[in-house]
Amino acid sequence: MKVFICIFASILGLTIGNPAGIGGGHGLIGGGAHGGGGLIGGGGHGQGYDERPDPFHFQYGVHDDKYYTDFSEVRSGDEAGNIKGEYHVHLPDGRIQHVIYHADGN
C-alpha cells in the first residue's frame, strides 16, 4: 500500500507541476488557464510570437593607412522587413567599389 501511495504521489506531481522555464500551463500536454503549455505544445504567456521585424539603423567604417584598409557600410530596415543600404570598399588596385541595395520584405 505504501508503494502505491508513493507511485500515485509521484505521478500526481508530474501531471500538476511545471518544469522551470517551460510554458505557463498545467500538465504534460496542453494549455492551462494562462494559455501556455506543459511539456508539449503551447508555451510562453498566452500571446503568439510577433514575427514583425523591428526597425533598425546602423553604420560602421574602417580606415587604416598602415594596412591599406578602407571600407564602410550603412544599413536600415523598417517594420515591414524592407532593408536598404550601401557600402563601399577601396580595392587593392585603387578602384572603389560602391554598392547600393534594397531588399523588400518578401
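Structure first, text after, so check above.
Every value quoted in this text rests on a predicted model; they were computed, and no experiment measured them.

Q: I keep staring at the overall build of the protein chain and nothing clicks. Help me out?
A: The number of helices and strands found in the protein chain is one helix and four strands. Residue pairs at least 24 apart in sequence account for 9% of intrachain contacts in the protein chain once pairs closer than 6 positions are excluded. Of the roughly 8,500 Å² of accessible surface on the protein chain, 61% is carried by carbon and sulfur atoms.

Q: Just checking my understanding: could you explain the sheet that holds strand E3 (residues 83–90) for this structure?
A: Whether parallel or antiparallel, the strands of a sheet pair through hydrogen bonds between backbone atoms. On the basis of which strands lie adjacent, the open sheet formed by four strands has the order E1-E2-E3-E4 and antiparallel pairing. The open sheet terminates on both sides in strands that have one partner only, identified here as strand E1 (56–64) and strand E4 (96–103). When strand polarity is set aside, the average angle formed by the axes of neighbouring strands in this sheet is 5°. Relative to E4, E3 is paired through eight bridges, and the arrangement is antiparallel. Residue pairing for E4: His88 is matched across the bridge by His98.

Q: How should the pairing of E1 be read in this particular structure?
A: Residues in a regular strand project their side chains so that they alternate between the two faces of the sheet. With nine bridges connecting them, E1 and strand E2 (residues 69–77) associate as antiparallel partners. Opposite Phe58, over in E2, you have Arg75 as the bridge partner. Taking the residues that link successive antiparallel strands as the turn, the E1-E2 hairpin has four residues, and the phi of Tyr68 there is positive, at about 55°.

Q: Mind showing me how you'd approach the packing of aromatic side chains here?
A: Aromatic ring pairs are defined here through the distance separating the ring centres and the angle between the ring planes. All chains considered together, the criterion is met by four aromatic pairs. Judged by centre distance (6.3 Å) and plane angle (10°), the rings of Phe58 and Tyr60 are stacked. Look at Tyr60 and you get partly exposed, because its relative accessible area is 40%. Ring centres 6.4 Å apart and planes at 50° place the aromatic pair Tyr87 and Tyr101 in the tilted group. You can see Tyr87 sitting in strand E3 and its partner Tyr101 sitting in strand E4, a full 14 residues away along the chain. Residue classification places Tyr87 among the partly exposed positions, given a relative accessible area of 29%. For Tyr101, a relative accessible area of 24% gives the class partly exposed. These aromatic residues form a ring-pair network of at least three members: Phe56, Phe58, Tyr60 and Phe71.

Q: Honestly, unusual backbone geometry in this entry has me stumped. Any pointers?
A: Residues apart from glycine generally show negative phi values, whereas peptide bonds are mostly found in trans. Even without a glycine there, the phi angle at Tyr68 is positive, about 55°. Tracing the backbone through its elements, the reader meets Tyr68 in the loop between E1 and E2. Under the relative-accessibility criterion, Tyr68 is labelled exposed at 74%.

Q: Please explain the pattern of salt bridges as it appears in this structure.
A: Side-chain pairing between opposite charges can occur once the charged atoms of the two side chains come close. All told, the structure shown has two salt bridges when counted by the stated rule. For Arg75, the salt bridge goes to Glu73, with nearest N and O atoms at 2.6 Å. Exposure remark for Arg75: the relative accessible area of 29% places this residue in the partly exposed category. Here Arg95 and Asp93 are joined by a salt bridge, their closest N and O atoms 2.8 Å apart. We note that Arg95, like Asp93, is exposed.

Definitions and cut-offs
Residues numbered from 1 in each chain as written. Predicted model: local features only at pLDDT ≥ 70, side-chain atom pairs only at ≥ 80, totals over all residues. Heavy atoms only, no water. Helix = DSSP H or I, 4+ residues; strand = E, 2+ residues; numbered from the N terminus. Contact = heavy atoms within 4.5 Å. Areas by Shrake-Rupley, 256 points an atom, 1.4 Å probe, with all protein chains shown as cover. Pairing = 2+ DSSP bridges. Axes fitted to C-alpha atoms, helices over the stretch in contact; angles between N-to-C directions. Phe/Tyr/Trp six-rings, centres within 6.5 Å; stacked < 30°, edge-to-face > 60°. Buried < 20%, exposed > 50% of the residue type's maximum accessible area, 1.4 Å probe, protein only. Salt bridge = Lys/Arg side-chain N within 4 Å of Asp/Glu carboxyl O.

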